[in-house]
Amino acid sequence: MYGNSFVQGVPQTSVPQGLAQTSVPQGLAQTSLIPNVGGGYGGYSTATMNYQYGNSQMTGSALSIPRAAALAVCAPTFQPQEGPQCVKCGVEWTMFTRKHHCRCCSREFCDNCSQGRADIKTLKISGERVCDFCVAHISHGDESCVSRLVPYLLENKEEPKSLALAELAGLLQNEWNMENISDLKLVTSLWEMLVQPTLATDNKIKGLGVLSLIASKGVSVVLSPERVEILQHFFAFPQTMIEVIKAIAFMAMQGQNKPLFISGRILIPLFNIMASGTDEMDLQWASMAVYYLASSSLDDAIPQGLGEINDVAPLIRLLSGQSEKLLQFVTGTLEIISTIPSNRNKIGESGGIDALVRLLTHVDSAIKTNVLGVLTNLCVNENSKMDIIQRGGITNLVELVDSTTDEQLQEQGVSLMVKLAQVGTHPALLQAFSAAIPFISLQLNSENATIRTNVLELMMSISKDPSSCAKAGVSGVVQALDTMLESLDENTPHATLKNVTDLIIALAQGCDENLRLCVDCGIISKLIGFLTSRSKNVVLESTKALVALTECPSFSLYSTADITGILLGVTMELLHTQFNDIQENVTRLLANLASESECAITLLRSPEELDKISKLLLSPQQSIQSNVAQLMCNLANVKGQTDTLGRLPGLLPTLIHLLGSPSPQVREQACFSLLECSISSAQNRQIVYNTMGGIATIIRLLAIKDPRVKGKAAEAVYFFSQEQQYRTGIRDAGGIQVIVENLFEADERVLEFSASTLSNIITNEIDAETIYRLGGVLAIINLLSSTFPSVVSAAAMAVTNIARSDICRRALVEGGALAKLLLMATSVEQSVQLTAIAALAILSSDRTIAGFIPQYNEGLPSIIPLLASLNLEIKGYAVQVVVNISRENPEAWSKLTRLGGLPVLSALASSPNHESQQLAVHEVAELSVDVERHSDIFTHTFPMFLDFLAEDPSQGKMKGSSLQLESLLIVANLSHDLRVLNAIVDHPSAISSIVSLLTLEYGEAPLFSSSRIIGNLTQYLTPTRPEVLRILHDSPGCLVRLASLLLLPAQGGLVKDPEIKYNSVASISSLILSDADVASLVSSGVVLGLVYMLQTPDELTHKHVVTTLKKMIKSPDCREQMKRSNECMSVLFESTGDAGVRYAVLEIISELAQQDSSALAHVPEGSMMQLLKVVTDELPSSTSKPLLLELLTQLSVGSFQIRKMLLGLPSFFSILLVTLNNESVENKSARLKSINLIGALSLASEGKSQIRSEGLLSVLLTLLRSHTSASSATYVNLLGSDLVVSSPTSEEEESDVDVEMRYSIVKALGALSLSEENRKLIFECQEAPQLILGFIINTSPGQTERKDNFLVDCLALTKNLVYNVDCKNFFCNNNLLQRLFSLLSESSCDKLTFNILSLIHDLTRDGREGEGEVVREYGMMPLVALMSSPNDYIITQSLQILCNLVRFDTSREVVQTYMDKSVLLELVTSPNLIVTQLAKELKFILGF
């Protein structure tokens, strides 16, 4: 529609849809409606033309406006044309109405129309009369006016015409200069001018331009056929073509001109331009003209131009243009002409749909509006719809609606989508709309009701395809529907309600996830809330939706108990509504809810409500009857609750009555409800039976052809037949005959329950004969070949029962039942196997029949596999059959064991018969000797042998019985299999039973078996199940029993078998878990037995023995036992010859020597020499050199003889020298052990000199330097001289081996320094005294015991060194005495204190200068304090030091000053004579 700014008189319905919101094409008016001739309207609201001089955008335009209007500055040159009336008002001249000439334009006006007075510059006059037309221009300062210019148009000269046309264009573009142009006869004058044959081309162009401008002003430009011909004439000239097109475009906007244009075939040249033109402006104006010619006026029922526009190709061609204005008019034209069916087909055939779909995403709203109109018209054709969809129309429509805020556009877009969705379930449509689902979910919440309605209808169309309901984004649709439900109320139209609920149903039924969303987002809750509405439509649609939702299979998975409970309560309130359609939905809803056990139980707990519901069974509405019957059927399916239904007054009789209903649905539901009630409850069966004709009705249902009813009825009769009281009624109602007839049916359930019912009914010979007479036995035999396993099982069960009758049994055998039962026994279905073997067990109880079974080829082969069945019932019946067969048939027994093998033996062993168990176990024991049979034995029979190991007198399992001992043998033979070992551990009593048999009470065979089992458990199972050690360890007597098997004959040991001993020692080595175990073993006397086992040739035995001894050697009692036996020690020493256990034995000997230095004192010299030879031979190349050196050290410390032997061994010192000089990291430990050995050897006097002569002392001094040269410190002595003393590296920065090596070197040097030659050599190594002094100075006492011992060794070495005068001077000159007094005050160890005092005593003998000062400053306080020590040795050393000091004057005064007289006098009376003597001497010297 046109906007408000359109000029009066222009048809407001003739503009393209949407044009009012957009601007016109380039070069057209910049208002919102009409194309402009010149390219701009100066911003005015009406459509005017702008012909400014030099600034025209009109191609080829000749119009121009002079800078000064020539016609306005001179008097008019034309002759005034007088007429009979006023130019303006038309009043005629009379005597009383005079005419007046306007002094400006010279035309005649009446007085009323020429009241104005103005100054006329051109005439240089003032206050002259002017007409109303001219006064308006003059008052605005214009130089001219239209009125005076019109006459110039008809002048013969071209120049005045040109100037007049130019001035007219300038005047007409200003809104305030508009005049009644019709009254001025301007249009008529222009037409008269245009037909002048001599008119210049330039003036033609200008005239057409002014004519266009007048038409654009809304001034009526009336055409005639002649004038149309004039315009057609101008098409022939390129110079005037553009101007004539513009004129046609503006004049076509006036409805009265369209018929003349169309009848004058003006469309032909316009379409020619659109078909072949290339100029953008030509195309724009031509398309505008065509558009207005095609559009209808307000009074046109059918657009007048549609019939003439029958070629759409030019229009389709222009759809690819870039100009918005061009596209506006082209799409607008297409929208109009697409209303004609023939044109719609042409648009599709010419490829217009593809271009139109692309334009849906154009930025211009007017274009999109027009395109939507065209596509909407095209959607009348189904093929066009598919073309739009396949070319991406859905996607572009979604983008269009999403990107605009124009509600009209949105409505049109969604409306078009709805039309497209009506195509159906075409894959292309579904694919396109799947991507649009998120958009749909958003639009469902639109504030625009029309959009919401259309989108809802659109989603309904999509949801017709179930797969679309599961697409991504549908969750948003569900949530949007939830929002829509909030806006629905009682006033909502029924159609909207129906659409919403139908869509909810479609989505929920199409995808479980949507159903879950319906629950989670509250849709179901809102629907439940609508059930209380006063509007019938709201309630009806809500109940319909809830019925559909509750019928979804997954409803119970997502619905909560609260929702279901509320729904159930609200539904019950609606049950008695007056509206049948609602009541039908409610009963259906209740039936659906009752399919879930919780809801059904809730209903069953409300008998009053149930009674109300049950009365609806009598409703005249058959659908309600069917729903209620279905509800009752669902309630009857609740286990343990159907008694409630039976107690409802008249329910079951009513159901029986409804079996005669004319409605098949009612009959069916009533039938199933009745049968379910009868099947589920004994009480209900009682009610049915007592109801007149009740059991007969059930029997009659057996004869119905419907297999579902027949099957259900057969099941019901089966339950009736299980109770004795109803069987007579079944017989009396002719049930046996009907049941036998049903044995020939094809339905599985009918056959199954009929056969089972017959099995129940047969209680005597009469019944059996009746069944036999009716052909029932033959029918049952036939059923044994059925393809239905359940039928076969039921038939076999029937055989089991009827076989108790002689006549039936004979009939079964004669009818081939045995062969079929044997075949059934091979079935893969356990139920079939069970019933078949049970029947065979009963039949085989007849000896004659039992003799027949082995005669069948499939007889024994079909029974044997059942002996290994995991089903205990099957297995039991199979054993019974085997027993029955073999009882009096040895050949059958032999064949059975031959064919069956281990499974048969397993079945016999598992039989309660004790004799059968013994025979089976004996047979398996013989088989277990063959290793290849072990796997089969384990698979088929093994677990029971573990059970047989347990002692259980109540079951005949006595300890020591053949059953137990042979089972033990089987387990032992299989115990190399890890599966067997795991089974033993997992068995609750197997291990304790095995341990209890670890005795000679029953001979060596059980002992052999039990020891093997325990040995295999400890050796092979421990890596994967370490807990087995604890289980065996905690078994009472296990360790002691194993130890008793290793005792020597002299100790009472009776076991000689080496394998028993091997298994025992292997087990013991693993089972020693604590010191208590060691003590227990030692007390048992097993030590000697273990050592003597080293004499066996088996290397594996040696390894286990040595491992055990290494664990036990830490026990003093163990060492004592070994030490007391010289023979034992000899065996131990001799076993070092075995390379496999050599080092382990050496570790044991080393441990012996380390723990007890006298342990090796009584070892024969020959054994000792053999040991030393072995060690020294191994030493050069051994990888366990530290162990060998440590052993030699321990031996050397404890024995002078061994030291002597070692010193006499050739090349021994060279080995030590090589070891000490090897600086590799791997050799550190060996070097340390070598140093310790040197220290031990230095205890011998000849060892000191030999060590020095072999160069080992020098090596030790070198090693001392290398391990203490990391840093240095400066110490200032009391004498004032400085000396650099090496300080050892911080122990935190050294390894334990390095620190220990330094400690060991100092200790060895201490022993070596007892030799004068060695002291001299040590002192000559200048750094050695310095290092030792550094150790004493830098080592603080009391930190660790190891450091205190190291300090003691340093002091002992220093004490030896100070026997050398030079050494003594060195130490005294370097503040050693001061450090010693300091250490004395810090020491808390008596051993350290004694060594400090001893060294001070040696240093103070000579009375050196400065000692008095040192004593007074550092020594007196600790010395005096030590006088009170409880240790007499410390007191003695202290007194000796004081006696040394007081002999010299320099020190005597200090002692006198600090000495406590009372302490000294107390020491005089000491019981220690040495202390007393020294105290008296000191007292005398001091004069106390």
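This structure is a prediction, so every number in the text was calculated from the model and none was measured.

What counts and how
Residues numbered from 1 in each chain as written. Predicted model: local features only at pLDDT ≥ 70, side-chain atom pairs only at ≥ 80, totals over all residues. Heavy atoms only, no water. Helix = DSSP H or I, 4+ residues; strand = E, 2+ residues; numbered from the N terminus. Buried < 20%, exposed > 50% of the residue type's maximum accessible area, 1.4 Å probe, protein only. Contact = heavy atoms within 4.5 Å. Areas by Shrake-Rupley, 256 points an atom, 1.4 Å probe, with all protein chains shown as cover. Core = buried A, V, L, I, M, F, W, Y, C linked by side-chain atoms within 4.5 Å. Axes fitted to C-alpha atoms, helices over the stretch in contact; angles between N-to-C directions. Left-handed = near helix turned anticlockwise from the far one by under 90°. Pairing = 2+ DSSP bridges. pLDDT = per-residue confidence, 0-100. Phe/Tyr/Trp six-rings, centres within 6.5 Å; stacked < 30°, edge-to-face > 60°. Lys NZ or Arg CZ within 6 Å of the ring centre and 35° of its normal. Salt bridge = Lys/Arg side-chain N within 4 Å of Asp/Glu carboxyl O. Parallel < 35°, antiparallel > 145°, perpendicular 65-115°, else oblique. Nonpolar A, V, L, I, M, F, W, Y, C, P; charged D, E, K, R; others polar. Polar contact = N/O pair within 3.5 Å; in protein donor to acceptor, adjacent residues only side chain to side chain.

Trainee: Explanation requested: the overall build of the protein chain in the structure shown.
Mentor: Helix and strand counts for the protein chain stand at 87 helices and six strands. The buried share among the 1488 residues of the protein chain stands at 56%. In the protein chain, the proportion of contacts linking residues at least 24 apart, taken out of those at least 6 apart, comes to 68%. A total of about 62400 Å² of accessible surface is found on the protein chain, and carbon and sulfur atoms cover 51% of it.

Trainee: I tried to follow the nonpolar core on my own but got confused; where do I start?
Mentor: Nonpolar side chains tend toward joint burial in soluble globular proteins. Ile 984 and Met 1122 are the most contacted members of the largest nonpolar core, which has 341 residues in total. Grouped together as the second largest cluster of nonpolar side chains are 104 residues, Val 219, Leu 293, Leu 315 and Met 417 included.

Trainee: Is there a simple way to think about the packing of helix α59 (residues 1004-1021) against helix α62 (residues 1058-1071) in this case?
Mentor: Two numbers describe a pair of packed helices, the interaxial angle and the distance between the axes. It is the contact of α59 with α62, at a shortest axis distance of 8 Å, that shows an interaxial angle of 35°. Both α59 and α62 take part in a crossing whose hand is left-handed. Residue-level contacts link Glu 1004, Leu 1007, Phe 1008, Ser 1011, Arg 1012, Ile 1014, Gly 1015, Thr 1018 and Gln 1019 of α59 to Glu 1059, Ile 1060, Tyr 1062, Asn 1063, Ala 1066, Ser 1067, Ser 1070 and Leu 1071 of α62.

Trainee: Mind showing me how you'd approach the environment of Leu 631 here?
Mentor: Structurally, Leu 631 can be placed in helix α32 (residues 622-636). Sequence separation of Leu 631 and Ala 670 is 39 residues, and the distance between their C-alpha atoms is 10.0 Å. With residues near it in sequence (within four places) discarded, Leu 631 still touches Leu 590, Ala 591, Ala 594, Leu 603 and Ile 613.

Trainee: Sorry if this is basic, but what is going on with the pairing of strand β3 (residues 116-120) here?
Mentor: Side chains on a regular strand alternate between the two faces of the sheet. The alternating pattern of β3 places Gly 116, Ala 118 and Ile 120 on a buried face and Arg 117 and Asp 119 on a face that is not buried. Here β3 runs beside strand β4 (residues 125-130); their pairing, made up of four bridges, is antiparallel. Each bridged residue has a counterpart across the sheet, and for Ala 118 the counterpart in β4 is Glu 128.

Trainee: It is not clear to me how the environment of Leu 172 should be interpreted in this structure. Could you clarify?
Mentor: If you trace the backbone, Leu 172 turns up in helix α3 (residues 158-172). Judged by relative accessible area, which is 1%, Leu 172 ranks as buried. Residues Leu 172 and Val 210, 38 residues apart in the sequence, show an inter-C-alpha distance of 8.5 Å.

Trainee: Teacher, can you tell me more about the confidence of the model for the protein chain here?
Mentor: Close reading of the predicted structure is inappropriate where its pLDDT is low. Of all residues in the protein chain, 83% have pLDDT values of 70 or greater, and the mean over the chain is 76. Taking the mean pLDDT of every element in the protein chain, the minimum, 35, falls on strand β5 (residues 1271-1276) and the maximum, 88, on helix α57 (residues 978-986). Here residues 1-75 is modelled with pLDDT under 50, and outside its nearest four sequence neighbours on either side it reaches 223 contacts, counting other chains as well. A low-confidence stretch, residues 1269-1289 stays under pLDDT 50, and its non-local contacts, those more than four residues away or across chains, total 51 contacts.

Trainee: Hey, could you run me through the packing of aromatic side chains in this one?
Mentor: Aromatic rings in a pair are described by how distant their centres are and how their planes are angled relative to each other. Inspection of every chain in the model, using the stated rule, returns 12 aromatic pairs. Measuring from ring centre to ring centre gives 5.3 Å for Phe 720 and Tyr 726, while their planes differ by 75°; the resulting arrangement is edge-to-face. Judged on exposure class, the residue Phe 720 and its partner Tyr 726 are both buried. Between Phe 1394 and Tyr 1433, the aromatic rings sit 6.4 Å apart at their centres with planes inclined by 90°, giving edge-to-face as the arrangement. Residue Phe 1394 is located in helix α82 (residues 1390-1403), and its partner Tyr 1433 is located in helix α84 (residues 1432-1446); the two are separated by 39 residues in the primary sequence. In this arrangement the basic side chain of Lys 204 is found over the ring face of Phe 237, its NZ or CZ atom lying 5.5 Å from the centre.

Trainee: I'm lost on unusual backbone geometry in this one. Help?
Mentor: Comment: phi is negative for the bulk of residues other than glycine, and the bulk of peptide bonds are trans. One non-glycine residue, Asn 1375, lies in the positive phi region at around 65°. Relative to the helices and strands, Asn 1375 resides in the loop between α80 (1365-1373) and α81 (1376-1386).

Trainee: Could you clarify how one ought to interpret the side chain of Ser 626 in this entry?
Mentor: Here Ser 626 lies in helix α32. Taking the relative accessible area as the measure of exposure, Ser 626 reaches 12% and is therefore buried. Not counting residues within four places of it along the chain, the set of residues in contact with Ser 626 comprises Gln 665, Val 666 and Gln 669.

Trainee: When you look at the pattern of salt bridges in this model, what are you seeing that I'm missing?
Mentor: Pairs can form between side chains of opposite charge whenever their charged atoms are close. Scanning the entire structure with this criterion turns up 24 salt bridges. Between Lys 206 and Asp 202 there is a salt bridge, and its shortest N-O distance comes to 3.3 Å. Highlighted residues: Lys 206 and Asp 202, both in helix α5 (residues 201-216), separated by four residues, approximately one helical turn. Owing to a relative accessible area of 4%, Lys 206 belongs among the buried residues under this scheme. By relative accessible area, Asp 202 is classed as partly exposed at 29%. Close ionic contact of Lys 544 with Glu 541 constitutes a salt bridge, the shortest N to O distance being 2.7 Å.

Trainee: Even after reading the chapter, I still don't get the packing of helix α23 (residues 494-510) against helix α26 (residues 536-550), so can you show me in this structure?
Mentor: Between α23 and α26, the least distance of the axes is 9 Å, while the angle of their chain directions is 10°. In this view, α23 runs roughly parallel relative to α26, as classed from their interaxial angle. Packed against α23, whose contacting residues are His 494, Leu 497, Lys 498, Thr 501, Asp 502, Ile 504, Ile 505, Ala 508 and Gln 509, the element α26 presents Asn 537, Val 538, Glu 541, Lys 544, Ala 545, Ala 548 and Leu 549 at the interface. Partitioned by chemical class, the residues of the contact of α23 with α26 number eight nonpolar, four polar and four charged.

Trainee: What is the right way to read helix α14 (residues 352-359) from this model?
Mentor: Residues spaced three or four apart along an α-helix point in a common direction, a consequence of the helix completing one turn every 3.6 residues. Counting buried residues along α14, six of its eight residues qualify, which places the element largely inside the surrounding structure. When we look at burial in α14, the residues that qualify are Gly 352, Ile 353, Ala 355, Leu 356, Val 357 and Leu 359. Check the buried side of α14 and you find it contacts α11 (313-318), α12 (324-337), α13 (341-349), α15 (365-378), α16 (382-390) and α17 (393-403).

Trainee: Which parts of the structure should I look at to understand the side chain of Thr 577?
Mentor: By the element assignment, Thr 577 lies in the loop between α28 (561-573) and α29 (580-593). Given the relative accessible area of 18%, Thr 577 is considered buried. The residues contacting Thr 577, other than those within four sequence positions of it, are Ile 582 and Gln 583.

Trainee: Looking at this structure, I do not really get the environment of Gln 115. What am I missing?
Mentor: Checked against the element boundaries, Gln 115 lands in the loop between β2 (108-109) and β3. Residue classification places Gln 115 among the partly exposed residues on the basis of a relative accessible area of 45%. Looking at Gln 115, its side chain comes within polar contact range of the main-chain oxygen of Asp 111, at 2.6 Å.

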